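Coordinate analysis (summary)
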Amino acid sequence: GAGVSQSPSNKVTEKGKDVELRCDPISGHTALYWYRQSLGQGLEFLIYFQGNSAPDKSGLPSDRFSAERTGGSVSTLTIQRTQQEDSAVYLCASSLKATGIQAFFGQGTRLTVV
Amino acid sequence: AQTVTQSQPEMSVQEAETVTLSCTYDTSESDYYLFWYKQPPSRQMILVIRQEAYKQQNATENRFSVNFQKAAKSFSLKISDSQLGDAAMYFCAYKVFGAGSYQLTFGKGTKLSVIP
């Protein structure tokens, strides 16, 4: 696609429910990143995918968070048993390669846990 | 670990005037990139300008320029002739240069308001 696409744009869920957030990167970009932006904070790195290599999950805050990337393209971030502190904007970015200088961001998913 | 600090949570500027946003960072690396991103209410992060640490010349993009002081680990953004469309959150970010480096480290942002 022309840009990084994320869905849904907004998601409201009840505490304890599972949610899935989707990211469709720019076609041909091999590197994909997930970041979390809590209210009043900068972006916090969550996870990184590069081609077929094992992902770097070092930023995931707990084992309730997981992500996968199918076919080297679309990625899904899953949060199980959501908590109120999970409320944030989740941003996805892609770049041409791992050492690509410029990362292109999607518009994010605003997750609200009630 | 690398850290990025933006000491101004909010700033305001009169339309057509100039404003400078501050950023400092901490790193032990010698080769890295610095960035300023703009985040309007649409939430999408838009790259405004970038600076390679090995370049002494300050980067410039139209009305946007930086003052990069490597020894002081300072990277400020100057916006000249401010326009209403410049109103947004601005984030300073850092990225290590080289193979294996990938993630951006962000500051907490500065909210810029432009007064008509």
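Refer to the structure printed above.
Okay, so let's go over this structure. (Residues numbered from 1 in each chain as written. Chains lettered and ligands numbered in written order. Predicted model: local features only at pLDDT ≥ 70, side-chain atom pairs only at ≥ 80, totals over all residues. Heavy atoms only, no water.)

**Looking at the overall build of chain B**
Looking only at helices and strands, one finds 0 helices and 12 strands in chain B. By the compact-globule yardstick of 13 Å for 116 residues, chain B fits well, its C-alpha radius of gyration being 14 Å. For chain B, the spread of C-alpha atoms along the principal axes amounts to about 45 × 30 × 20 Å. Expressed as a percentage of the 116 residues in chain B, the buried residues total 47%. Considering only contacts within chain B whose residues lie at least 6 apart along the sequence, 54% involve residues at least 24 apart. (Helix = DSSP H or I, 4+ residues; strand = E, 2+ residues; numbered from the N terminus. Rg over C-alpha atoms; globule rule 2.2 N^0.38 Å. Buried < 20%, exposed > 50% of the residue type's maximum accessible area, 1.4 Å probe, protein only. Contact = heavy atoms within 4.5 Å.)

**Observations concerning the nonpolar core**
Residues and elements named next belong to chain B. Tyr25, Trp36, Phe75, Leu77 and Tyr90 are the most contacted members of the largest nonpolar core, which totals 26 residues. Elements that contribute at least two residues to this core include exactly β3 (19–21), β5 (32–39), β6 (46–52), β8 (64–69), β9 (74–79), β10 (88–96) and β12 (110–115). Top element by residues in this core is β10. It accounts for 5 residues. When residues no more than four places from it in sequence are discounted, the contact partners of phenylalanine 75 are Ser22, Cys23, Tyr25, Leu34, Phe35, Trp36, Gln51, Val66, Asn67, Phe68 and Cys92. (Core = buried A, V, L, I, M, F, W, Y, C linked by side-chain atoms within 4.5 Å.)

**Considerations on the environment of threonine 109 of chain A**
Within the secondary structure, threonine 109 of chain A sits in strand β10 (residues 109–113). For the pair threonine 109 of chain A and arginine 36 of chain A, spaced 73 residues apart in sequence, the C-alpha to C-alpha distance is 9.6 Å. Setting aside anything within four residues of it in sequence, one finds threonine 109 of chain A in contact with Gln6, Ser7, Pro8, Ser9, Lys11, Leu21, Ala88, Val89 and Tyr90 of chain A together with Arg43 of chain B. Polar side-chain contacts of threonine 109 of chain A include one of 2.5 Å to the backbone oxygen of proline 8 of chain A. (Polar contact = N/O pair within 3.5 Å; in protein donor to acceptor, adjacent residues only side chain to side chain.)

**Quick word on the state of the cysteines**
Scanning all chains against the criterion turns up 2 disulfides over all chains. Covalently, cysteine 23 of chain A is tied to cysteine 92 of chain A through a disulfide, its sulfur atoms 1.8 Å apart. Across the S-S bond of cysteine 23 of chain A and cysteine 92 of chain A the torsion is about -65 degrees, and the bridge reads as left-handed. Taken together, the residues span a long stretch of sequence, with cysteine 23 of chain A in strand β3 (residues 19–24) and cysteine 92 of chain A in strand β8 (residues 88–95) at a distance of 69 residues. The buried category is assigned to cysteine 23 of chain A, whose relative accessible area is 0%. Owing to a relative accessible area of 0%, cysteine 92 of chain A belongs among the buried residues under this scheme. One disulfide in the model links cysteine 23 of chain B with cysteine 92 of chain B; its S-S distance is 2.0 Å. Handedness here is read from the sign of the S-S torsion; for cysteine 23 of chain B and cysteine 92 of chain B, about -70 degrees, the answer is left-handed. (Disulfide = S-S within 2.5 Å.)

**Side note on the sheet that holds β3 of chain A**
Residue and element names in this part refer to chain A. Across the sheet, 4 strands lie side by side as β1-β3-β7-β6; this open sheet has antiparallel pairing. In this open sheet, the two strands that pair with only one neighbour each are β1 (5–7) and β6 (65–69). Pairwise comparison of adjacent strand axes, ignoring direction, gives a mean angle of 15 degrees for this sheet. Sheet topology note: the β1/β3 ladder contains 3 bridges and is antiparallel. Across the sheet, glutamine 6 pairs through a bridge with cysteine 23, a residue of β3. (Pairing = 2+ DSSP bridges. Axes fitted to C-alpha atoms, helices over the stretch in contact; angles between N-to-C directions.)

**A few points about the packing of aromatic side chains**
Tallied over the entire structure, the rule returns 16 aromatic pairs over all chains. Where phenylalanine 105 of chain A meets phenylalanine 106 of chain B, the ring centres are 6.3 Å apart and the plane angle is 75 degrees; that geometry is what we call edge-to-face. Placement of the pair is phenylalanine 105 of chain A in strand β9 (residues 104–105) and phenylalanine 106 of chain B in strand β11 (residues 105–106), with the two residues belonging to separate chains. In this structure phenylalanine 105 of chain A comes out as buried when scored by relative accessible area, which is 2%. The exposure class of phenylalanine 106 of chain B is buried, given its relative accessible area of 8%. Here tyrosine 25 of chain B and tyrosine 32 of chain B contribute two aromatic rings whose centre-to-centre distance is 5.4 Å and whose plane-to-plane angle is 65 degrees, an arrangement assigned as edge-to-face. (Phe/Tyr/Trp six-rings, centres within 6.5 Å; stacked < 30°, edge-to-face > 60°.)

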